[in-house]
Amino acid sequence: MTKIRFFGGARQRRLLPLIVCACSVFPAASCCVLAQTASQEEVVITAEEVPSVPSAYGAPPTFSRSRFSNAVNAYVLPPWAFFFGELFEGQGFRHGPPDYLFTQEIEMGLPYRFNVAAETQFERFNGGGGDQTVSLEARWALADWNKIPLNPTIFAEYKFGVGPIRHEEVPPPPGGGEEEESGPPQIPNAYEVRLLLAQEFGGRFEWAMNWFFEKENTGDRGREWGFSQALMTPILLPNERLKIGIEMEYKNVTTKDTRGDAVNSFVLGPTLAWKPTAQTRLDISPLFGCTHDSPVADVFVAFSWLFGGERAEAEAPVSSRFRYFTDAAYARRGKDSGKEMKQVAYVPPCPEWYGDREWNVNLWGTYTFTNTEFAPNPSLIDIVQSTSEGGPVLGTYDRYIGGDHAWGGGGDVKYFFCRYAGVGVQGFALDASKPGFDIFEDQSVPILIKQRINHNHTVGAVLGTLTLRYPIPCTRLAPYAWAGVGAIFGGGEREKLHTQGPPDAFLVNAQTEHFGAETKVLGQFGAGLEIRFARHVGWTNDLTFGVIDGPRNNFGMVRSGLNFAF
C-alpha cells in the first residue's frame with residue numbers, strides 16, 4: 001500500500017481544500033470525456049451469416065458466375081476469378097437414337113471487364129463417341145453494372161473441329177449425305193458471336209438473354225442464329241440456396257444447300273439452381289420441344305465452381321442485400337440511440353492450401369481419343385481388290401491404340417521440391433480394341449477364306465514427368481502444366497495383305513501377314529487445373545496429348561481424378 005504524507009504547516013493546510021476540489025473536478029471531467037468518446041465508439045453489428053460471394057463490378061453474385069443458367073450466359077467474372085464448369089446435354093429426337101454432349105469449360109476474369117475462356121466438348125452418339133470441338137472464348141462488358149440499361153456484353157468464340165461429324169443438325173440434301181470410304185467428314189472450324197443482356201428487377205427477379213450467330217468456315221458451311229433467355233427468383237431466401245425459373249432457346253439452322261428450308265427448333269421448360277456451398281452450384285433444366293424440328297426433350301445438367309476474385313467487392317445475395325441488423329442489434333440501437341453505429345468486418349488471413357514441399361499421389365480415370373478418322377468395317381473383298389491395285393481401302397484409323405477411343409485409368413506420384421515445381425513417375429492402362437481381318441486365297445486349290453478378327457488388348461505406359469504449377473493466392477486453385485517421356489506398350493497390332501496376280505479380287509493369290517504388339521517411345525504433355533477441397537485432398541482435371549512416332553499414332557487424353565497431398 002502506498003502511504004501519502006501531509007507535512008504540517010498553515011500554508012499546507014490552506015491548500016488542502018483546493019486539492020480536494022481538484023480531485024472532485026477531475027473525475028467529473030473524465031466522465032464527460034468518456035461520455036463523448038463513448039458516443040463515437042465502434043460497435044460491431046452482425047447480420048445473418050452470409051458466405052462471401054465475389055461480385056463483378058457491382059453486379060449481383062448470380063450475374064458474376066459466367067453462366068447465368070444452363071443455356072444462358074451473363075455479364076463477366078470479377079477480376080482474377082476462375083469459373084470451372086461441367087455441362088451435360090442430352091437430346092431425345094422424334095426419330096433415331098439420342099445424342100449426348102459433355103462440355104468442360106474454364107474461364108478467367110481479367111481487369112477492365114474482360115474474360116477469357118477455353119472449352120472442350122465430347123459427344124456420344126449411336127454407340128460411338130469422342131472429342132468434338134475445342135473452343136477459345138472472350139467477352140467484354142461495355143460498362144460497370146447498371147451504368148447502361150440491360151448491361152450489354154460482347155461475346156466471341158472460335159471453335160476448332162477435332163473429331164468426325166457423328167450427328168448432323170439438318171437432314172442431308174436429296175441424293176447426298178453418303179459417307180466416303182475413308183469415313184465421315186471432320187467437324188469444320190466455326191466462329192460465333194453473341195450479345196449478352198442481363199438485368200435485375202425489384203431485387204427479387206433476375207433475367208438474362210443471349211442473341212447468337214454461328215458460321216462454319218468449311219464443309220457444308222452451316223449457319224445458326226437464335227436466342228436463349230431465362231428468368232429466375234430465389235425461393236429459399238437464406239443465402240439464396242435454391243432458385244427456380246423458366247428457360248427457353250430458339251435456333252434457326254441452315255446449310256449452304258438448305259438456306260430456304262431452315263430447321264427451326266424451340267425448347268421451353270423449368271430451370272432450377274441449387275447452391276450446396278457459396279462457391280458451387282448445380283443447375284438442372286429439362287426443356288421440351290415446341291416445334292416439329294425440335295427434339296422431344298433437351299435436358300441440361302451443369303455443375304460449376306467459382307474461385308478467386310479476392311480483389312473484387314464482396315456483396316451479399318439478393319435475399320439479404322438490404323438486411324443490416326439482427327434483432328440484438330436493433331435492441332441495442334434502441335438503448336443507445338445517440339451512439340454512432342459503425343460496421344466493422346474482420347478479415348481472416350488467407351489459408352494455405354498448397355505446401356512448399358509435399359508429396360502428391362494422384363489417381364485418375366481417363367478417356368482417350370485418337371487423332372484420325374475411323375473406318376472399322378471395310379469390305380474384305382474391297383481390301384483384296386484395292387490391294388491388288390496398289391491402294392488398300394483400310395481407312396485412316398489409328399495404328400497403335402486401335403479404334404477411335406478407349407477408356408482407362410492411371411496414377412502418378414510426384415514430389416514438389418518447391419511450391420511451383422515437382423518431378424514424378426506416372427503410369428496408365430487403357431482397355432483398347434482394334435478391328436482386323438484374316439484373308440487367304442489360293443487359285444491353285446482354289447480356296448478363299450476371309451474373316452474379321454478383333455484385337456482386344458490392354459495398352460500401358462510408364463513415364464517420368466516434370467510438373468509446373470501456380471497456386472493462386474487466397475484460392476484453392478492451382479493451374480498446372482506437365483510433360484513426360486517414357487515407353488508405351490501393348491498396342492500396334494496390324495494386318496498387311498500380300499497379293500499376286502491380276503487386279504481382280506477373285507483371281508489373285510492373297511495372304512494376310514499379322515503383326516503383334518510393339519513397344520514404342522512415348523512423349524506426353526498437357527495442362528489442367530487442381531482444386532483443393534481440403535489441405536490434403538484435391539480434384540484434378542486436365543487435357544493431354546501423346547506423341548508416338550507419327551501422326552497416325554498420336555492420341556489425346558482427358559483425365560479426372562483425386563489428388564492426395566502429404
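Residues numbered from 1 in each chain as written. Predicted model: local features only at pLDDT ≥ 70, side-chain atom pairs only at ≥ 80, totals over all residues. Heavy atoms only, no water.

A few words on the overall build of the protein chain. Summing up its helical and strand segments, the protein chain has 3 helices and 24 strands in all. Each of the 566 residues in the protein chain was classed as buried or not, and the buried ones make up 45%. Looking at the protein chain alone, contacts between residues at least 24 apart form 65% of all its contacts between residues at least 6 apart. Summing over all exposed atoms, the protein chain offers an accessible surface of approximately 28,700 Å²; the carbon and sulfur share of this is 62%. (Helix = DSSP H or I, 4+ residues; strand = E, 2+ residues; numbered from the N terminus. Buried < 20%, exposed > 50% of the residue type's maximum accessible area, 1.4 Å probe, protein only. Contact = heavy atoms within 4.5 Å. Areas by Shrake-Rupley, 256 points an atom, 1.4 Å probe, with all protein chains shown as cover.)

Every buried residue belonging to helix 3 (residues 380-388) is among Leu380, Ile383, Val384, Ser386, Thr387 and Ser388, and all of these are buried. In this structure, the buried residues of helix 3 make contact with strand 17 (421-442), strand 18 (447-469), strand 20 (494-500) and strand 21 (509-515).

The next subject is the pairing of strand 2 (residues 81-92). Buried residues dominate strand 2, accounting for 9 of its 12 residues. Note that strand 2 and strand 13 (residues 297-308) share 12 bridges and pair antiparallel. The residue bridging Gly90 from the neighbouring strand is Val299, located in strand 13. As consecutive antiparallel partners, strand 2 and strand 3 (residues 99-110) are separated by 6 residues, and within that stretch Gly96 has a phi angle of approximately 95°, a positive value. (Pairing = 2+ DSSP bridges.)

The phi torsion at Tyr57 lies on the positive side, around 55°, for a residue other than glycine. As for its placement among the helices and strands, Tyr57 is situated in the loop between strand 1 (54-55) and strand 2. Notably, Cys474 is not glycine yet its phi reads approximately 65°, a positive angle. Examined against the element boundaries, Cys474 turns out to sit in the loop between strand 18 and strand 19 (477-491).

Attention shifts here to the pairing of strand 6 (residues 153-161). Examined bridge by bridge, strand 5 (residues 128-141) and strand 6 share 9 bridges and lie antiparallel to one another. What sits directly across from Leu136, in strand 6, is Tyr158. Where strand 6 lies against strand 7 (residues 190-201), 7 bridges are found, and the strand directions are antiparallel. Note that in strand 7 the partner of Glu157 across the bridge is Glu192.

Examined against the element boundaries, Tyr75 turns out to sit in the loop between strand 1 and strand 2. Taking C-alpha positions, Tyr75 is 8.4 Å from Arg139, a pair spaced 64 residues apart along the chain.

On to the confidence of the model for the protein chain. On average, residues of the protein chain carry a pLDDT of 78, and 75% of them reach 70 or more. In the predicted structure, residues 1-52 sits below a pLDDT of 50 and forms 44 contacts with residues beyond four places in sequence or in another chain. For residues 310-345, every residue scores under 50 in pLDDT, and the model assigns this stretch 69 contacts once sequence neighbours within four places are set aside. (pLDDT = per-residue confidence, 0-100.)

We now examine the packing of aromatic side chains. In the structure shown here, the tally under the stated rule is 21 aromatic pairs. Taken together, the aromatic side chains of Phe84, Phe303, Trp305, Phe307, Phe533 and Trp539 make up a single cluster linked through ring pairs. Lying over the aromatic face of Phe155, Arg194 brings its terminal NZ or CZ to 4.2 Å of the ring centre. Sitting over the ring of Phe416, Arg469 keeps its end group 3.8 Å from the ring centre. (Phe/Tyr/Trp six-rings, centres within 6.5 Å; stacked < 30°, edge-to-face > 60°. Lys NZ or Arg CZ within 6 Å of the ring centre and 35° of its normal.)

Let us look at the side chain of Lys251. For Lys251, the location among the structural elements is in strand 10 (residues 242-254). Although Lys251 is buried, it forms no salt bridge, and the closest oppositely charged side chain is Glu224 at an N-O distance of 4.2 Å. The residues contacting Lys251, other than those within four sequence positions of it, are Phe212, Glu224, Trp225, Val263, Asn264 and Ser265. (Lys, Arg positive; Asp, Glu negative; His and termini not counted. Salt bridge = Lys/Arg side-chain N within 4 Å of Asp/Glu carboxyl O.)

Further remarks concern the pattern of salt bridges. As enumerated under the stated definition, the model contains 17 salt bridges in all. Between Glu358 and Arg532 there is a salt bridge, with the nearest N and O atoms lying 3.0 Å from each other. With Glu358 in strand 15 (residues 358-370) and Arg532 in strand 22 (residues 518-534), this residue pair connects regions lying 174 residues apart in the sequence. This pair shows no difference in class: Glu358 is buried, exactly as Arg532 is. Residues joined by salt bridges that share partners form a network here, namely Glu157, Lys159, Glu192, Arg194 and Glu214.

It is worth spelling out empty space enclosed by the protein at this point. Throughout the structure, instances matching the rule amount to 3 cavities of 30 Å³ or more. Considered as a void within the structure, the largest cavity measures approximately 160 Å³ in volume. Elements represented by at least two residues in the lining of the largest cavity include exactly strand 15, strand 16 (405-418), strand 18, strand 19, strand 23 (537-547) and strand 24 (555-565). (1 Å grid on protein atoms, 1.4 Å probe; cavity = no way out; pocket = protein on both sides within 12 Å on 5 of 7 lines; lining within 4 Å. Points joined across faces, edges and corners; volume = space filled by probe spheres on them.)

Along the chain, Thr255 falls in the loop between strand 10 and strand 11 (263-274). Residues Thr255 and Lys215, 40 residues apart in the sequence, show an inter-C-alpha distance of 9.5 Å.

Before going further, it helps to spend a moment on the environment of Gly424. Tracing the chain through its elements places Gly424 in strand 17. Judged by relative accessible area, which is 15%, Gly424 ranks as buried. Note: C-alpha distance between Gly424 and Gly484 (60 residues apart in sequence) is 9.2 Å. Excluding residues that lie within four positions of it along the chain, Gly424 makes contacts with Val413, Lys414, Leu463, Gly464 and Thr465.

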